[in-house]
Amino acid sequence: MSATDLSSLVTRADVCAVAVADCFRGDGEILANPIGTIPMIGGRLARATWEPDLMMTDGEAALIANDEAIPAVGDRQYETYNPYRRMFDVVWSGRRHVMMGATQVDRFGNQNIAGIGGTPDKPRTQLLGFRGAPGNTIHNTTSYWVPAQSSKVFVEAVDIVTGIGYDRAAALAPESARHHEIRRVVSNLAVYDFETPDHRMRVRSLHPGVTVDEVVAATGFELVIPDDLPTSRLPTPEELRLLSEVIDPKGTRLREVPEPV
């Protein structure tokens with residue numbers, strides 16, 4: 001299949017799924033814990049291709065071997081029981097890469113999923129709460145997925161800090177933050193990292209068809225933008241086949257990230 005033929009078949013959701021999969025590249029035998037539709041799809045794609053040793057949960061209390069992102073309960077291929085006690089042993093050990101959502105995220109990777117506006121003890125809009133975000137970001141490699149980037153999500157300062165960014169991690173004792181790594185932020189527009197001297201968010205790649213101006217307009221702080229900015233990669237023909245036929249045959253990714261009009 002030629003590059004032209006491939007590009008005509010690839011959707012923005014496919015590009016996002018591949019970008020998520022690339023977040024897990026090189027992780028090896030750890031627990032991959034992607035949370036959400038496209039994170040689950042991307043995590044399964046990574047394991048089905050270049051990271052076969054990744055362990056993945058069923059979202060409840062077991063590790064499963066399925067390549068399909070969201071298999072029916074009766075179709076799950078169970079590998080082992082994974083109760084909360086064992087899960088926390090993995091969390092504290094640092095052998096886990098979690099991809100969470102972010103209602104707000106700032107330039108240093110501080111995340112908010114607890115509440116918007118008001119005060120921390122009485123937000124104007126109550127969200128999920130802190131959940132496991134503080135422990136995740138301190139003890140495990142963390143990435144974030146943002147399906148609809150805007151300046152209300154990429155903000156100058158988060159209203160409540162649930163996930164710890166690089167500035168706050170730097171203020172802790174070195175032993176406390178020894179596993180801290182905010183690896184990537186993947187959105188419907190681009191991929192971001194923190195590989196800068198002061199760990200400010202940098203544009204790593206733009207998804208096909210997205211401009212720098214679009215990304216800047218959808219961000220509430222100043223990004224680090226390299227002069228030579230690449231385009232996010234397309235899936236290979238085999239990756240596209242896996243996405244469409246094995247991992248997400250129902251096309252749930254297309255509902256989360258519809259094609260731009």
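In what follows, the structure referred to is the one given above.
Residues numbered from 1 in each chain as written. Predicted model: local features only at pLDDT ≥ 70, side-chain atom pairs only at ≥ 80, totals over all residues. Heavy atoms only, no water.

**Student:** Sorry if this is basic, but what is going on with a nonpolar patch on the surface here?
**Tutor:** On the surface, Tyr84, Phe88 and Trp92 cluster together to form a nonpolar patch covering roughly 380 Å² of accessible area. Counting through the fold element by element, Phe88 comes out in helix α4 (residues 84-93). (Patch = residues over 30% accessible without salt bridge, like charges linked within 9 Å, V, L, I, M, F, W, Y side chains within 5 Å. Areas by Shrake-Rupley, 256 points an atom, 1.4 Å probe, with all protein chains shown as cover. Salt bridge = Lys/Arg side-chain N within 4 Å of Asp/Glu carboxyl O. Helix = DSSP H or I, 4+ residues; strand = E, 2+ residues; numbered from the N terminus.)

**Student:** So what exactly am I meant to see when it comes to the packing of aromatic side chains here?
**Tutor:** One pair of aromatic rings is described through two measures. These are the centre distance and the angle between the planes. Applying the stated criterion to the full structure yields 5 aromatic pairs. Geometrically, the ring pair formed by Phe88 and Trp92 is stacked, given 5.6 Å between the ring centres and 20 degrees between the ring planes. You can see Phe88 and its partner Trp92 sitting in helix α4, 4 residues apart, about one turn around the helix. Taking 6.2 Å as the distance between ring centres and 5 degrees as the angle between the ring planes, the aromatic pair formed by Phe154 and Phe221 counts as stacked. You can see Phe154 sitting in the loop between β10 (141-146) and α6 (166-170) and its partner Phe221 sitting in the loop between α7 (212-217) and α8 (237-247), a full 67 residues away along the chain. According to the relative accessible area criterion, Phe154 is buried, its value standing at 0%. A network of ring pairs unites the aromatic residues Tyr84, Phe88 and Trp92 as a single cluster. If you follow Arg25 out to its NZ or CZ, it ends over the ring of Trp50, 3.8 Å from the centre. (Phe/Tyr/Trp six-rings, centres within 6.5 Å; stacked < 30°, edge-to-face > 60°. Buried < 20%, exposed > 50% of the residue type's maximum accessible area, 1.4 Å probe, protein only. Lys NZ or Arg CZ within 6 Å of the ring centre and 35° of its normal.)

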